Every structure is written in structure tokens, then in C-alpha cells.
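Spelled out, the chains give:
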Amino acid sequence: MHFVVMVMLLPALMMAGSECRSSCRLTNISITVESEECGSCITIDTTACAGLCKTQESVYRSPLMLSYQNTCNFREWTYETYEFKGCPARADSVFTYPVALSCECSKCNSDITDCGALSQQTLSCNAH
């Protein structure tokens, strides 16, 4: 009886194991945006990519061979816009932000992405 249960659980355990190995996926985040010109502060809910990607580090680093780590990046994205209300004339009242549609493990492209570590500290409009 134990053997039958283990055989039935094996596919579920294998799927769970693969999920743990590559957990780069969409996640909900909040962005706090303050407009000093408009005198307001808002929190925008959007999606981003987060998680772990499989990486390997060579024992020997050759100066002739480039080395990089895969990171969890946007595969597809779109942009949405928020317009601050009650702004004075000539004030920049529009804030445009990315919305991730899908994610992938790939080399971080520093031409379009800040490849540094993100702060885990939650910011609010009152934290100056």
C-alpha cells in the first residue's frame, strides 16, 4: 500500500521540485510615487518579476571567458500611466511605469534595466 501511495505522489513531488529550482515569476508590488509639484502622494499596484534563477559559478575564472549570472527579468511588458490631479499649470503631472506581463531567467540588460539589488525597505511618502 505504501508503494502505491509513493508512486502516485512521485509526479507531484517532481513538479514541486522543478518549481523550487526556477521560481522566476510575476509578483504583485506597490510603488509609492510623490509629486512635489502637485502636492500629492499615491501608491500604485503593479506587477514585476521576482524570484530565483539557476546559476553556476566556475571554479576557475578565465580573463578570456566572460562570466555572468542569470537574473529574473521581464520577458514581456507594457507601460501604464497615472495622471496626478489638481496640479498647477506647467507641472509634470504624468507618471509612467512598467507592468510585467511575463518573466524569464536571462542575463540582465543594463541598457534598459537597473541590475543592482533592490532594497527590501518599504518606502512611504512620509519617509524623507
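Look up: the structure comes first, before these words.
The following refers to the structure shown. Every value quoted in this text rests on a predicted model; they were computed, and no experiment measured them.

Considering the packing of aromatic side chains
Tallied over the full model, the rule gives three aromatic pairs. Each ring, one from Y82 and one from F84, has its centre 5.2 Å from the other, and the planes form 85°; the classification is edge-to-face. With a relative accessible area of 5%, F84 lands in the buried category. The side chain of K85 reaches across the aromatic face of Y82, ending 5.9 Å from its centre.

Observations concerning unusual backbone geometry
We note that R90 has phi near 70°; this positive angle belongs to a residue other than glycine. Mapping R90 onto the fold places it in the loop between β3 (70-83) and β4 (94-107).

Looking at the nonpolar core
One finds V33, C38, I42, I44, F84, Y97 and V99 forming the largest nonpolar core, which totals seven residues. Every element with two or more residues in this core is listed here: β2 (40-50) and β4. Within the second largest apolar cluster, six residues are counted, among which are C24, C49, C53 and C103.

The rules behind these values
- Residues numbered from 1 in each chain as written.
- Predicted model: local features only at pLDDT ≥ 70, side-chain atom pairs only at ≥ 80, totals over all residues.
- Heavy atoms only, no water.
- Phe/Tyr/Trp six-rings, centres within 6.5 Å; stacked < 30°, edge-to-face > 60°.
- Buried < 20%, exposed > 50% of the residue type's maximum accessible area, 1.4 Å probe, protein only.
- Lys NZ or Arg CZ within 6 Å of the ring centre and 35° of its normal.
- Helix = DSSP H or I, 4+ residues; strand = E, 2+ residues; numbered from the N terminus.
- Core = buried A, V, L, I, M, F, W, Y, C linked by side-chain atoms within 4.5 Å.

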